[in-house]
Amino acid sequence: MLIACWSPKGGSGTTVVSAALGLILAGTKGAALLVDLAGDVPAALGLPEPDGPGLSDWLAAGPEVPDDALSRLEIDAAPGLRLLAQGSAASTASGRPEALVAALAVERRPVVADCGRGDEGVALAVAAGATLSLLVLRPCYLALRRALAAPLRPSGVILVGEEGRSLGRRDVEEVLGVPVRAEVGYDPAVARAVDAGLLSRRVPRALERSLREAA
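Residues numbered from 1 in each chain as written. Predicted model: local features only at pLDDT ≥ 70, side-chain atom pairs only at ≥ 80, totals over all residues. Heavy atoms only, no water.

*Asks:* How would you summarise the packing of helix 1 (residues 14-29) against helix 9 (residues 205-212) if you had to cite specific residues and measurements?
*Replies:* Here helix 1 crosses helix 9 at 80 degrees, and the two axes come no closer than 10 Å. Considering the angle they form, helix 1 stands roughly perpendicular to helix 9. Counted together, V16, V17, A20, L21, I24 and T28 of helix 1 and L207, E208, L211 and R212 of helix 9 form the full contact between these two elements. When grouped by side-chain class, the residues that make up the contact of helix 1 with helix 9 number 7 nonpolar, 1 polar and 2 charged. (Axes fitted to C-alpha atoms, helices over the stretch in contact; angles between N-to-C directions. Helix = DSSP H or I, 4+ residues; strand = E, 2+ residues; numbered from the N terminus. Parallel < 35°, antiparallel > 145°, perpendicular 65-115°, else oblique. Contact = heavy atoms within 4.5 Å. Nonpolar A, V, L, I, M, F, W, Y, C, P; charged D, E, K, R; others polar.)

*Asks:* Please provide a residue-by-residue account of the pairing of strand 2 (residues 32-36), values included.
*Replies:* In terms of residue burial, strand 2 counts as a mostly covered element, since 5 of its 5 residues are buried. The alternating pattern of strand 2 places A32, L34 and D36 and L33 and V35 on opposite faces, both of which are buried. Direction of pairing for strand 2 relative to strand 4 (residues 81-84): parallel, over a ladder of 4 bridges. Opposite L33, over in strand 4, you have R82 as the bridge partner. For strand 2 and strand 5 (residues 111-114), the ladder comprises 4 bridges, and the chain directions are parallel. Bridge assignment links L34 to a residue of strand 5, and that residue is V112. (Buried < 20%, exposed > 50% of the residue type's maximum accessible area, 1.4 Å probe, protein only. Pairing = 2+ DSSP bridges.)

*Asks:* Any chance you could break down the packing of aromatic side chains for me, citing the residues and the numbers?
*Replies:* Throughout the structure, instances matching the rule amount to 0 aromatic pairs. The ring of W58 has R96 sitting right over it, with the charged end atom 3.9 Å from the ring centre. (Phe/Tyr/Trp six-rings, centres within 6.5 Å; stacked < 30°, edge-to-face > 60°. Lys NZ or Arg CZ within 6 Å of the ring centre and 35° of its normal.)

Written as structure tokens, this is what we have:
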């Protein structure tokens, strides 16, 4: 199973949602792979910044590099969770998107990909080819407008709540025509866990309860 988390605009919470989903699946399934196409997953998990080659280097290497070379680039992120970090190449916006999607699709472990904005290149290909394509969305008009204009339709929405917003679950479902699979409410414990580098040790309970419905 390949789960892609993406958003039409930055600052929507895709990295925290992706990391938490990876941790939850590692705990329930025994193993999971977290793929970082946006570059912020190590920081969100409280890990040292990887200094070796990663996904962007594999993408830039060309077709002569075998697909199984990806597994050699994984690093430990948490018990049962392996991380395929972004890498040192300039970006993951180009390369071999079809090869990457094919390699991730045959994984026996659940795979969660943080696709960031997911509107171009490899991130878009992974989001489009995922078993479950999850749009991480804050309930604001601008984000909803951009989601409508996005080049792909998600399988469902992870709605990240914000105080004082007039848009809600029903509005998002009516406009986008896809179900809200989980609602993540505002919780200071999540921000504290990320700021302290403790997310990889324990997912805050409210966040875990919300995302179990999505996975």
